[in-house]
Amino acid sequence: MNKLLLTAAIALTLPMTAHAKSEFVKGDATLAGEAELGASLTTGNTDTSSFKASLALKQELGDWENEYVFQGLYKEDEDEVTAKRFYAGLQGNYQIDDISYLFANTGYELDPFTGYDFTSITAAGYGHHFIENETMSLNAEIGPGYIYQKLDDESAEAEGESYDASAVAHFVIDFQTKISDSAKFQQKFVADWGSKLDGRSETSLSTKIIGALSMKFAVVVRYNSKPLDEKKSTDTATNMTLLYAF
């Protein structure tokens, strides 16, 4: 079974090397994106497997720039599932001028290892391009939002409530820079501060292999200031994946 999964993961990456397309260019009425895939399998004295996949699409329609994100993570250790997460989100940006825009977004996440059946968040506000050139960009967003989290049965019994909901202040800082013609560094931080602080930081370095195919190394840190049922506040994941831009 593990060999079959590994073969499938490799097969998914093969077509990516054969169809290199142009990257998304601001100002064009176009659609572009990035597909990311990673897998790790260990057999023998220890049987472990992990899979990560994501798809990010960007679409420009006049003054609107729309973003769609889908992410999935699955880990298994000795036939026991140790991590399972799915996220889907979308955001619309309306360009006011060259440096300012208004945004509205919504996201939905399934992660049973947090004690919640699901988490949904919606936010809207103002975004600003502090730096925007061919080699570097720095964007920031701020605005009000609302988060709703449905507790699973075990957590609901322990906490004495079935859900957790509150208004939040939504912050985003996104920095990207080209280190060379073939390498790019990115640091993105997202925070939602209401009755508690939920934060996510992703630090990544990607290097082109051939054409539109790259290798990406990323460290993702997730933080919850009030975790449920003695769970840890901080989760850290280190990933090595293949990234294809189209």
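Residues numbered from 1 in each chain as written. Predicted model: local features only at pLDDT ≥ 70, side-chain atom pairs only at ≥ 80, totals over all residues. Heavy atoms only, no water.

(A) The pattern of salt bridges, seen in detail. Counting across every chain of the model gives eight salt bridges. The salt bridge involving Arg 200 is made with Glu 202; its shortest N-O contact spans 3.1 Å. The partly exposed category is assigned to Arg 200, whose relative accessible area is 24%. Put simply, Glu 36, Lys 52, Arg 200, Glu 202 and Lys 216 are held in one network by salt bridges that share partners. (Salt bridge = Lys/Arg side-chain N within 4 Å of Asp/Glu carboxyl O. Buried < 20%, exposed > 50% of the residue type's maximum accessible area, 1.4 Å probe, protein only.)

(B) Main features of the pairing of strand 1 (residues 31-42). In the sheet, strand 1 pairs with strand 2 (residues 48-61) via 12 bridges, with the strands oriented antiparallel. The partner of Glu 34 across the bridge, within strand 2, is Ala 56. (Pairing = 2+ DSSP bridges. Helix = DSSP H or I, 4+ residues; strand = E, 2+ residues; numbered from the N terminus.)

(C) How the structure looks around a negative patch on the surface. Residues Asp 153, Glu 154, Glu 157, Glu 159, Glu 161, Asp 229 and Glu 230 make up a contiguous surface patch of negative charge. The residue Glu 230 is located in the loop between strand 11 (213-224) and strand 12 (234-245) in this model. The class for Glu 230 is exposed, based on a relative accessible area of 82%. (Patch = residues over 30% accessible without salt bridge, like charges linked within 9 Å, V, L, I, M, F, W, Y side chains within 5 Å. Areas by Shrake-Rupley, 256 points an atom, 1.4 Å probe, with all protein chains shown as cover. Lys, Arg positive; Asp, Glu negative; His and termini not counted. Charge placed at Lys NZ, Arg CZ, Asp CG, Glu CD.)

(D) The arrangement of the sheet that holds strand 7 (residues 136-151) in detail. Taken in spatial order, the 12 strands close into a barrel running 1-2-3-4-5-6-7-8-9-10-11-12, and their pairing is antiparallel. Each neighbouring strand pair of the sheet contributes to a mean axis angle of 20°, computed without reference to strand direction. With 13 bridges connecting them, strand 6 (residues 116-132) and strand 7 associate as antiparallel partners. The residue of strand 7 that forms the bridge with His 128 is Ala 140. (Axes fitted to C-alpha atoms, helices over the stretch in contact; angles between N-to-C directions.)

(E) Looking closely at the packing of aromatic side chains. For the coordinates displayed, the defined rule picks out five aromatic pairs. Measuring from ring centre to ring centre gives 5.4 Å for Tyr 108 and Phe 118, while their planes differ by 25°; the resulting arrangement is stacked. Placement of the pair is Tyr 108 in strand 5 (residues 100-110) and Phe 118 in strand 6, with a sequence separation of 10 residues. Looking at Phe 118, the relative accessible area reads 22%, which means it is partly exposed. Through pairs of rings, three or more aromatic residues link up here, namely Tyr 108, Phe 118, Tyr 148 and Tyr 163. (Phe/Tyr/Trp six-rings, centres within 6.5 Å; stacked < 30°, edge-to-face > 60°.)

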